[in-house]
Amino acid sequence: SQQGEEDPQALSIQEGENATMNCSYKTSINNLQWYRQNSGRGLVHLILIRSNEREKHSGRLRVTLDTSKKSSSLLITASRAADTASYFCATDALGGGTSYGKLTFGQGTILTVHP
Amino acid sequence: GAGVSQTPSNKVTEKGKYVELRCDPISGHTALYWYRQSLGQGPEFLIYFQGTGAADDSGLPNDRFFAVRPEGSVSTLKIQRTERGDSAVYLCASSSKRISTDTQYFGPGTRLTVL
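Cut-offs and rules
- Residues numbered from 1 in each chain as written.
- Chains lettered and ligands numbered in written order.
- Predicted model: local features only at pLDDT ≥ 70, side-chain atom pairs only at ≥ 80, totals over all residues.
- Heavy atoms only, no water.
- Contact = heavy atoms within 4.5 Å.
- Buried area = accessible area lost by both parts, 1.4 Å probe.
- Salt bridge = Lys/Arg side-chain N within 4 Å of Asp/Glu carboxyl O.
- Pairing = 2+ DSSP bridges.
- Helix = DSSP H or I, 4+ residues; strand = E, 2+ residues; numbered from the N terminus.
- Axes fitted to C-alpha atoms, helices over the stretch in contact; angles between N-to-C directions.
- Buried < 20%, exposed > 50% of the residue type's maximum accessible area, 1.4 Å probe, protein only.

> Residue-level account of the interface of chain A and chain B, with values.
Tallying the contact residues gives 24 residues for chain A and 28 residues for chain B. Across the interface of chain A and chain B, roughly 1800 Å² is buried in total on both sides, 42% from carbon and sulfur atoms. Considering only the side of chain A, the residues that lose the most area to chain B are Arg41(A), Leu43(A) and Lys102(A), jointly responsible for 31% of the buried surface there. For the pair chain A and chain B, the interface holds one salt bridge.

> Can you lay out the sheet that holds strand S7 (residues 65-68) of chain B for me, pointing to particular residues and giving the numbers?
Residues and elements named next belong to chain B. Taken in spatial order, the four strands line up as S1-S3-S8-S7 in an open sheet, and their pairing is antiparallel. At either end of the open sheet lies a strand with only one pairing partner, and these are strand S1 (5-7) and S7. If you compare each strand with its neighbour and ignore which way they point, the axes differ by 15° on average. Of the strand pairs in this sheet, S1 and strand S3 (residues 19-24) are connected by three bridges, and their pairing is antiparallel. The residue of S3 that forms the bridge with Thr7 is Arg22.

> Could you give me a rundown of the environment of Thr52(B), with the residues and numbers involved?
All names here are of chain B. Within the fold, Thr52 resides in the loop between strand S5 (44-50) and strand S6 (53-56). Exposure remark for Thr52: the relative accessible area of 49% places this residue in the partly exposed category. Spatially, the C-alpha atom of Thr52 lies 5.6 Å from that of Pro70, the residues being 18 residues apart in sequence.

Here's what the structure looks like:
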């Protein structure tokens, strides 16, 4: 079963614009991760944010985490046509104070960046 | 500097047949995961190995599915009496539990089609 719900399901923007994707989840987490997937195959890890962090940056990516609302957002700034892909959030559930490493993925957001 | 590799990349089989899917993790990674991704969905967890043992097999859908990792490196996912509903992309991931990043590195997947 999918824990995360992602919003929007699809996003279409012009090159240079910012893209924001949101993710909500249900259980307590150890960390939340964002992945990118091209053409329905290999997942590429983008960024990980731990439950005690509120914001994290990596290049053009900015991730926020609100554990009280059980939600996260991924912002891609100055988008490029090459950013066109599906983006998934994944949660690593908290159990007994340790990470299981078992990821629960959302259904993803399909991002299309038009040149 | 190889990443996670999976073979075959595509497998077409007939209903009722037996299939084996192979995963070669990154050298030295002790944790290995199998996920299944249906069209338009996020990946769903199947099984997690820590070393040679299956630490969590709660995601295996039924007893037709089995996975092994006899030497703590390569893993094989085995599906007996395949059904059309087994058609999906099967993804393998590995991670090193010796460092705290909890990042999973995914292979390109095996696309299984059951006719």
